[in-house]
Amino acid sequence: MGWLSSDKSAVSAPEASQDGGYIAPDRSARQMCWDGRDSFFQCLERNGIVDSVKEDEKAKKMCSPELKEFEKHCASSWVTYFKKRRVMEYQRDMTIKKLSQEGATGMDMTGNGSMAAPASR
Amino acid sequence: MAAPLRTSLRIAETSICRRCAGQPTRRAMSSITQPRKPDIRSRSSGITSPPRHFSSTPSHPYKSVEEAKSRYKSGPFSWQAGILFLFAGVGLTAYFRYEKARMGRARIAEANKGIGRPLVGGPFVLTDHDGKEFTEKDLKGKYSLVYFGFTHCPDICPEELDKMAGMIDLVKAKHGNSLKPVFISCDPARDTPEVIRRYLAEFHPDILGMTGTWEQVKEVCKAYRVYFSTPADVKPGQDYLVDHSIYFYLMDPDGDFVEAIGRNFSVDAAAKVINDHVADWKGKIDKS
């Protein structure tokens with residue numbers, strides 16, 4: 001679990017609110033985190049890494065500066081979440097690709113139907 | 001074995017005989033009526049000499065042969081009749097389409113009302129982002145759009161809340177202040193009223209944030225059938241994520257569940273769903 005122990009100075013101490021809660025990242029902080037994530041993922045793309053949790057050693061070796069930026073601007077739970085989500089989305093895209101090769105057609109899910117489609121998370 | 005067969009044969013015989021017996025009488029009847037027919041015809045033709053076609057219109061309504069011919073060519077149709085036909089057709093089609101869509105929405109709204117205990121929604125007690133108590137009764141009077149989330153949400157909640165802001169503006173533009181948007185936190189440990197107020201201010205000033213104790217939040221999530229995975233005991237400042245369902249729940253002015261709007265809906269599509277339901281509402285809507 002190397003990415004947990006690496007330095008995360010920017011988001012290490014969550015800011016407490018006056019009534020005992022913890023202030024969430026605001027719009028600009030989120031944007032900085034997402035930018036860090038995007039540049040890290042672009043580096044993974046260049047190096048052919050899909051799962052940066054499993055291939056942590058390789059990702060660290062190839063994309064060290066990007067990963068440092070990513071971890072600097074995002075909470076570690078977000079970092080893990082985004083890494084896992086990338087794998088999930090890759091698998092989803094692969095499944096869709098496989099299904100469309102087998103002749104399946106996509107469903108219209110843009111909300112023109114009256115019933116909402118299931119979604120989670 | 002033989003006796004019933006014989007009786008059945010006898011029955012058949014008698015029925016045949018009955019038929020035979022009927023025929024000569026019918027023939028006899030027709031032979032009686034037939035010779036009378038020419039008699040009647042001759043009598044009627046004797047009274048009315050010009051041939052009549054049983055129609056009230058005069059037989060020669062046209063001034064000239066040409067006029068009659070041109071009228072005959074176009075038949076009973078004229079361009080006025082054609083246009084009337086087209087307009088009526090278009091009008092009826094549009095009306096039926098509209099009615100069909102309205103009936104569909106009414107069916108969804110009615111089906112989701114349930115009998116007795118509502119399927120989604122119900123009593124809850126929470127604290128709004130100004131520190132005031134908020135219960136399900138405060139949802140009544142307007143349509144309400146309820147969203148569950150948490151402020152430390154990485155990407156989906158912020159995207160959805162931006163969409164919610166878009167929906168609010170579109171509904172407001174069409175129906176005024178008839179929608180109350182509500183954000184309920186699934187993460188009461190970190191999301192205190194102050195945190196939620198600061199968080200929501202970045203999305204839309206109309207969204208009212210809610211939080212409560214862990215028990216209260218668990219109850220409201222249960223009422224709205226929201227998957228709730230927040231741990232009961234988190235250490236202060238702990239970094240974690242919360243799993244939750246991502247639907248917008250549309251509730252009517254009675255506080256009853258109308259429809260769930262999923263993440264697949266675009267801002268425009270979702271706003272249309274809400275606007276249509278608001279337009280369908282027969283009772284009063286508080287627009288203050």
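Residues numbered from 1 in each chain as written. Chains lettered and ligands numbered in written order. Predicted model: local features only at pLDDT ≥ 70, side-chain atom pairs only at ≥ 80, totals over all residues. Heavy atoms only, no water.

**Section: the UniProt feature "transmembrane region" (unreviewed entry) in chain B**
When the UniProt feature table is mapped onto this chain numbering, "transmembrane region" (unreviewed entry) sits at residues 77-98 of chain B. Regarding residues 77-98 of chain B, the helix share stands at 91% and the strand share at 0%, and the terminal C-alpha atoms are separated by 30 Å. (UniProt positions renumbered as here; feature names shortened; annotations may be inferred. Helix = DSSP H or I, 4+ residues; strand = E, 2+ residues; numbered from the N terminus.)

**A closer look at the pairing of strand 3 (residues 143-149) of chain B**
Residues and elements named next belong to chain B. Extensive coverage of strand 3 is indicated by the burial of seven of its seven residues. The alternating pattern of strand 3 places Tyr143, Leu145, Tyr147 and Gly149 and Ser144, Val146 and Phe148 on opposite faces, both of which are buried. Where strand 3 meets strand 4 (residues 179-185), seven bridges bridge the pair, whose relative direction is parallel. Its bridge partner lying in strand 4, Val146 is registered against Val182. You can see the chain leave strand 3, run along helix 5 (residues 156-175) and come back into strand 4, and the turn it takes is right-handed. Across four bridges, strand 3 lies against strand 6 (residues 248-251) in antiparallel orientation. Across the sheet, the residue bridging to Leu145 is Leu250, located in strand 6. (Buried < 20%, exposed > 50% of the residue type's maximum accessible area, 1.4 Å probe, protein only. Pairing = 2+ DSSP bridges. Right-handed = clockwise from strand over helix to strand, strands pointing away.)

**Some remarks on helix 5 (residues 76-101) of chain A**
Residues and elements named next belong to chain A. Taking 1.5 Å of rise per residue, 26 residues should cover 38 Å, and helix 5 covers 38 Å from first to last C-alpha, within 8% of that figure. Every buried residue of helix 5 is listed here: Ser76, Ser77, Trp78, Val79, Thr80, Tyr81, Phe82, Lys83, Arg85, Arg86 and Val87. Following helix 5 by one or two positions, Gly103 adopts a phi angle in the positive range, close to 100°. (Expected span 1.5 Å × (residues − 1).)

**Examining the interface of chain A and chain B**
On the side of chain B, 39 residues touch chain A, which itself brings 34 residues to the contact. Approximately 3000 Å² of surface area, both sides summed, lies buried where chain A meets chain B, with 50% of it carried by carbon and sulfur atoms. Summed over the shared surface of chain A and chain B, the result is three salt bridges. Residues B:Asp155 and A:Arg85 are paired through a salt bridge, measuring 2.2 Å at the closest nitrogen-oxygen approach. (Contact = heavy atoms within 4.5 Å. Buried area = accessible area lost by both parts, 1.4 Å probe. Salt bridge = Lys/Arg side-chain N within 4 Å of Asp/Glu carboxyl O.)

**Here's the deal with the UniProt feature "binding site: Cu cation" (unreviewed entry) in chain B**
Residues and elements named next belong to chain B. Per the UniProt record, the feature "binding site: Cu cation" (unreviewed entry) sits at Cys153, Cys157 and His244. Taken along the chain, the residues just named run across 92 residues; in space they keep tight, none of their C-alpha pairs more than 10.2 Å apart. Within the element layout of this structure, Cys153 appears in the loop between strand 3 and helix 5. In this structure Cys153 comes out as buried when scored by relative accessible area, which is 0%. Locating Cys157 in the fold gives a position in helix 5. For Cys157, a relative accessible area of 0% translates into the label buried. If we ignore the near neighbours within four places in the chain, the residues touching Cys157 are Tyr147, Gly149, Phe150, Tyr199 and His244.

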